[in-house]
Amino acid sequence: MAASLTYNNPSLREDLLDIITNLSPTENQLSTGLSKSKSNSSVHVWLVDSYDAVTTTSADKITVEGADYGAGDVTNPTRKTNYTQIIRQDWKVSGTEQATVHAGMQSPKAYHMAKAMVHWKDKLEWSIVNGVAAAGNASTAREMGGIFDQVTTNKVANAAANFDETLMNDYFAQVWGTSAKAPDAVYVKALGKRVISGFTAGSTKFTQVNDKRLINTVDVYESDFGVVKLFLHRFIDDVLAAASTGNIMILREDTWAIANLREPNNFDAPKGGDYEKGAILGETTLEGRYEKANFVGKGYLNFG
């Protein structure tokens, strides 16, 4: 008599862990860490002002005794605009799927709604970095201008050179010179991070940082202009100046804000069949409060 063995027994239930581990990368440092603002229209407008530059002579700093008041020139704030972008992530679950008992989830609908929210946030993160402002029309979607699009004063379109420590500190100095603000965050992808980790003059190190995006420690770089945090960013090299190169953002993070016209929410759609469907939908834009306090660069050969 043949023994009952497990090799070909179709009645055996598969050994399925009752935990679903989602390994998809979901680093959203900017959409999580930047301050929040409010937009009241699809064309978001804010004001930017600056102080007068200090001249290099004493002529405008001295006054003759008894002199009358003059009619000094003043400058008004300038308007900046960006467009709100509608971001949508659809989900759909069949009636059978919803009724079936699943490992790792009590409700497929709730599970896929939560997953759609993660995808929505990834789309926002990508747009904060790479979006190109577009007003849109009846057949073309509006698009927010991202950081690379908004920073124009301190910008390298295609370096076509290797990034090194001297260059990074030159960029820090450039930002400080145009804004009197020191940068506090550097964003690069993996190869760029490895290059910066090899710098020694600024004593790259681990330190405790009070930042809700960070769990325990974070790499920092101590420059002549202060300490900057070093972030890996998954989407920063999605739009390149040239093949086999990489990008960098050197930011003063308090000069940016996410302005929501409509907070992201789930919206169930009317049934048209044996299923439930809906979408995570929100409308938002990026507020660049002082682009001169930031630097963006593309085309670094040793980053690609």
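### Notes on unusual backbone geometry
Part 1: Of note in this structure, A160 is not a glycine but carries a positive phi near 50 degrees.
Part 2: Looking at the secondary structure, you find A160 in the loop between β5 (155-156) and α5 (165-179).
Part 3: In this model, A180 sits at a positive phi of 60 degrees, which is unusual for a non-glycine residue.
Part 4: By the secondary structure assignment, A180 is in the loop between α5 and β6 (185-188).

### Concerning the nonpolar core
Part 1: Grouped together as the largest cluster of nonpolar side chains are 25 residues, with contacts concentrated most on L30, I128, I147, Y187 and M249.
Part 2: Looking at this core, the elements with two or more residues in it are β4 (85-94), α3 (108-130), α4 (147-150), β6, β10 (246-251), β11 (256-268) and β12 (275-288).
Part 3: Per-element tally for this core: the top contributor is α3, with five residues.
Part 4: In this structure, Y171, V186, I248 and I250 belong to the second largest nonpolar core, which totals 17 residues.

### Quick look at the environment of A269
Part 1: Relative to the elements of secondary structure, A269 occurs in the loop between β11 and β12.
Part 2: Residues within four places of A269 in sequence aside, it is in contact with K277 and G278.

### Regarding the sheet that holds β12
Part 1: An order of β1-β11-β12-β4 is seen for the four strands of this open sheet, with the pairing classed as mixed. Strands with a single pairing partner mark the edges of an open sheet, and in this sheet they are β1 (35-38) and β4. Averaged over all pairs of adjacent strands, the angle between their axes in this sheet comes to 35 degrees, without regard to strand direction.
Part 2: As defined by bridge partners, β1 adjoins β11 across four bridges and the pair is classed as parallel. Each residue of the ladder has a partner; that of S37, found in β11, is A259.

Conventions adopted
Residues numbered from 1 in each chain as written. Predicted model: local features only at pLDDT ≥ 70, side-chain atom pairs only at ≥ 80, totals over all residues. Heavy atoms only, no water. Helix = DSSP H or I, 4+ residues; strand = E, 2+ residues; numbered from the N terminus. Core = buried A, V, L, I, M, F, W, Y, C linked by side-chain atoms within 4.5 Å. Buried < 20%, exposed > 50% of the residue type's maximum accessible area, 1.4 Å probe, protein only. Contact = heavy atoms within 4.5 Å. Pairing = 2+ DSSP bridges. Axes fitted to C-alpha atoms, helices over the stretch in contact; angles between N-to-C directions.

Any functional reading would require information beyond the geometric quantities listed.
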